[in-house]
Amino acid sequence: MHTTIVHISEDLNNLLPPDCRSIDFVYTFSGNPSIKHLIEAVGIPHTEVGQIEVNDIYVDFKYKVQNGDQIKVWGFKNANISNLTIEIDQEVRFILDNHLGKLAAYLRMLGFDTLYQNNFQDPELARIASNQKRILLTRDRHLLMRSIINRGYCLRSQLPQHQAIEVIKRFNLVGKSKPFHRCLRCNGFLKPISKEAILDKLLPMTRRYYDEFYICQSCNQIYWKGSHYEHMLNIIKQMEA
Ligand SMILES: [Zn+2]
């Protein structure tokens, strides 16, 4: 058997067993594991890892762990700083696992491309995330450990609004929201529509108090800047605080 000393940065503490948090701990291994295997064996999906140093040198996931190595692992606390993942500056696109319907609505409300269905199975989620280069959001760390997943994030909170804030921070999305851009129901694009064109579809109070409307180009859902709009602006303000 061989041993190595491992230190994991504090932003990953809640993915670690309590006795491994904020300390150097000894990891015992046999054979010739990759560092990716070692990190996932202690409970951290590779998608959560921003940087790895072995004996003060940056390495990638393919590095083979040696007896006596001193290993340091960092998360993404300094968002987008990584020697492992290229965080390309392009439109972020998400896919959410089956339990995250409310988070999907928040992300669509903010205008982000968010694929969500409540009937995707795990292999399908992983395949779509990989093929479409979508960021997989889930609370299931084992789903993120699948090797075809390149980018993902393990949500810490169980509260949808807090989850949205986590995603904004992790992927550096402050200031990138586009309200009234996507449909909350289906992720389709919205476009402005004249009040006259939809007059017969509006409830009397909406007809009376609002003049600016949008329609989903995919499912025809109608949106206007009502009380939910004020609520949305407050949420965005909170997220970007
Ligand atoms: Zn729609």
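Structure's up top.
On a predicted model such as this, the values are computed, not experimentally measured, just so you know.

**Q** How would you explain the coordination of the zinc ion if you had to name every residue and give the values?
**A** Any two of four tetrahedral donors ideally make an angle of 109.5 degrees at the metal, while pairs among six octahedral donors ideally make 90 or 180 degrees. Cys 183 (SG), Cys 186 (SG), Cys 216 (SG) and Cys 219 (SG) make up the full set of protein donors to the zinc ion, lying at 2.3 Å. Around the zinc ion, the 4 donor atoms are arranged such that angles at the metal cover 98 to 119 degrees; this shape is classified as tetrahedral. In the primary sequence, the donor residues of the zinc ion line up as C-x2-C-x29-C-x2-C. One end of the pair, Cys 183, is in the loop between helix H5 (160-170) and strand E10 (190-193); the other, Cys 219, is in the loop between strand E11 (213-216) and strand E12 (222-224), and 36 residues separate them in sequence.

**Q** Before we move on, can you summarise the sheet that holds strand E2 (residues 24-29) with the specific residues and values?
**A** A sheet is described by the order of its strands in space; here 5 strands give the open sequence E2-E1-E5-E3-E4, paired in mixed fashion. Where the open sheet ends on each side, the last strands, each with one partner, are E2 and strand E4 (57-58). Pairing between strand E1 (residues 2-8) and E2: 6 bridges, direction antiparallel. Note that in E2 the partner of Thr 4 across the bridge is Tyr 27.

**Q** Residue-level account of the pattern of salt bridges, with values.
**A** Evaluated as defined, the whole model comprises 6 salt bridges. Where Asp 113 meets Arg 134, a salt bridge forms, and the shortest distance between an N and an O atom there is 3.1 Å. Pair noted here: Asp 113 is in strand E7 (residues 113-115) and Arg 134 is in the loop between helix H3 (122-131) and strand E8 (135-138), with a separation of 21 residues, a long-range link. Like Asp 113, the residue Arg 134 is buried in the burial classification. In this structure, Asp 113 engages Arg 182 in a salt bridge whose closest nitrogen and oxygen atoms are separated by 3.9 Å. Of this pair, Asp 113 sits in strand E7 while Arg 182 sits in the loop between H5 and E10; the two residues are 69 residues apart in sequence, bridging distant segments of the chain. Residues Asp 113 and Arg 182 agree in their burial class; the two are buried.

Conventions we followed
Residues numbered from 1 in each chain as written. Predicted model: local features only at pLDDT ≥ 70, side-chain atom pairs only at ≥ 80, totals over all residues. Heavy atoms only, no water. Donors = N, O, S within 2.8 Å, 3.2 Å for Na, K, Ca; no water. Tetrahedral: all angles 85-135°; square planar, octahedral: opposite > 155°, others 65-115°. Helix = DSSP H or I, 4+ residues; strand = E, 2+ residues; numbered from the N terminus. Pairing = 2+ DSSP bridges. Salt bridge = Lys/Arg side-chain N within 4 Å of Asp/Glu carboxyl O. Buried < 20%, exposed > 50% of the residue type's maximum accessible area, 1.4 Å probe, protein only.

Shape is all these values report; function is a separate question.
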